[in-house]
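# What the coordinates show
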Amino acid sequence: MSLNKLEQLRELIRSCGSCLVAYSGGVDSVFLARVARDVLGDRSLAVIADSPSLPRRELEEALAIAERFQIPVRIVKTAEFENPNYVMNPDNRCYFCKHELFAEMVPIARAGDFAVIAYGENASDAGDIRPGAQAAAEFQVRAPLKEVGLTKQEIREWSAQLGLPTADKPQMACLSSRIPHGEPVTEGKLKMIEQAENFLRDLGFYDVRVRHHESPASVASLNGYTVKPAGNDSAALARIEVGPSELKRLLEDGLSERVAAALKKIGYTHVTLDLQGYRRGSLNETARSGMTQHATRMDERGA
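The following refers to the structure shown. (Residues numbered from 1 in each chain as written. Predicted model: local features only at pLDDT ≥ 70, side-chain atom pairs only at ≥ 80, totals over all residues. Heavy atoms only, no water.)

Looking now at the overall build of the chain. Along the backbone of the chain there are 13 helices and eight strands. Across the 303 residues in the chain, those meeting the buried criterion constitute 52%. In the chain, of all internal contacts separated by at least 6 residues, the share reaching a separation of at least 24 is 74%. Looking at the chain as shown, the accessible area adds up to about 13,600 Å², and 50% of this sits on carbon and sulfur atoms. (Helix = DSSP H or I, 4+ residues; strand = E, 2+ residues; numbered from the N terminus. Buried < 20%, exposed > 50% of the residue type's maximum accessible area, 1.4 Å probe, protein only. Contact = heavy atoms within 4.5 Å. Areas by Shrake-Rupley, 256 points an atom, 1.4 Å probe, with all protein chains shown as cover.)

Moving on to the pattern of salt bridges. Within this structure, the stated rule accounts for 19 salt bridges. For arginine 14, the salt bridge identified is with glutamate 11, shortest N-O distance 2.9 Å. Of this pair, arginine 14 and glutamate 11 both sit in helix H1 (residues 3–16), separated by three residues, roughly a single helical turn. On the basis of relative accessible area, arginine 14 is assigned to the partly exposed category, the value being 44%. Notably, a salt bridge pairs arginine 142 with glutamate 147, separated by 2.8 Å at the nearest N-O pair. Residue classification places glutamate 147 among the partly exposed residues on the basis of a relative accessible area of 41%. (Salt bridge = Lys/Arg side-chain N within 4 Å of Asp/Glu carboxyl O.)

Note on aromatic pairs: each is described by the distance of the centres and the angle between the planes. Going through the model one piece at a time under the given rule, you end up with four aromatic pairs. Note on phenylalanine 102 and phenylalanine 139: the rings are 6.2 Å apart at their centroids and 55° apart in plane angle, and the pair reads as tilted. In this pair, phenylalanine 102 is assigned in helix H5 (residues 93–112) and phenylalanine 139 in the loop between helix H6 (132–138) and helix H7 (144–147), connecting sequence segments 37 residues apart. Overall, phenylalanine 102 belongs to the buried group, its relative accessible area being 0%. In this structure phenylalanine 139 comes out as partly exposed when scored by relative accessible area, which is 24%. The ring of phenylalanine 205 has arginine 249 lying over it, and the distance from NZ or CZ to the ring centre is 4.4 Å. (Phe/Tyr/Trp six-rings, centres within 6.5 Å; stacked < 30°, edge-to-face > 60°. Lys NZ or Arg CZ within 6 Å of the ring centre and 35° of its normal.)

This paragraph deals with unusual backbone geometry. Positioned with a positive phi, asparagine 89 is a non-glycine residue whose angle comes to about 60°. Note on placement: asparagine 89 falls in the loop between helix H4 (84–87) and H5. Overall, asparagine 89 belongs to the buried group, its relative accessible area being 0%. Positive phi, close to 55°, is recorded for aspartate 253, a residue that is not glycine. Examined against the element boundaries, aspartate 253 turns out to sit in the loop between helix H11 (247–250) and helix H12 (255–266). Since its relative accessible area comes to 81%, aspartate 253 is described here as exposed.

Counting buried positions over the six residues of strand S5 (residues 208–213) gives six, a clear majority of the element. By the alternation rule, side chains of S5 split into Val208, Val210 and His212 and Arg209, Arg211 and His213, which are all buried. With six bridges joining them, S5 and strand S6 (residues 237–242) adopt antiparallel strand pairing. Bridged to histidine 212 within S6 is alanine 238. (Pairing = 2+ DSSP bridges.)

Right, let's get into the packing of helix H2 (residues 27–40) against helix H8 (residues 152–161). Contact pair H2 / H8: the axes reach a minimum separation of 10 Å and the direction vectors enclose 55°. The orientation of H2 relative to H8 falls into the category oblique. In the crossing of H2 with H8, the sense of the turn from one axis to the other is left-handed. Here H2 contributes Val27, Asp28 and Phe31 to the contact with H8, which in turn contributes Lys152, Ile155, Arg156, Trp158 and Ser159. For the contact of H2 with H8, the class distribution of residues is four nonpolar, one polar and three charged. (Axes fitted to C-alpha atoms, helices over the stretch in contact; angles between N-to-C directions. Parallel < 35°, antiparallel > 145°, perpendicular 65-115°, else oblique. Left-handed = near helix turned anticlockwise from the far one by under 90°. Nonpolar A, V, L, I, M, F, W, Y, C, P; charged D, E, K, R; others polar.)

Read these as geometric descriptors, not functional statements.
Structure, rendered in structure tokens:
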């Protein structure tokens, strides 16, 4: 944990004079918003985008944190679901989401005379597929955490020092990230994903993703299974990822049967468990090298 990097961050933010922070309630944006508030006072403002891709619990928690730490925050309703380029879910979907957010932030910055718009990309984000960074560049949005070389681990450590409850928060991403590229994003799918992940988190699982596979082609590609939808041209399949250390618990004491039953009530026809466990960007693996072969059916006895 480098004190020098934290001081560099403070100095960088101080040099901005005023700052509008793209805020999500995640580890990075909470830390950035808190430091900006400490350095700039009322010349900083956090802006959170409210859309169907943001879980309701995440919105509530983000606003509660902002209130607790006296971080001024504004909610904006974003309209990415009105953009067919977003709904079609191409591999650069995040570009259209971030473009929508930054387009909403620019007039706020102008009206409030905020000199800089910033977001929470950090030095650990290099290497993953991040189309949102292209949108940031187009709007000249700064990434102060990345600029001073702060890694995710360092941000967590400093968050703990500052008493932020997000210090040990699991990595989060918007709900749309659970749907494979090329399968349309709909509000109905996102509600199913949100309910399924809430159920698993309420059971005490820490790292949770429910990947939503809708089309017959993608379902059939899962470990060689061929699924014939009944009475429809698609069947919803849930591919659950939990932390590798949590896999054993999910398969013990009949818990897998409880989870499968609950997810079927939500609307999933089939429920599977990814044996590799949660890892960041697993749908990017699909884009790069084809669907992972490590899936097991949980809706069959003995799973």
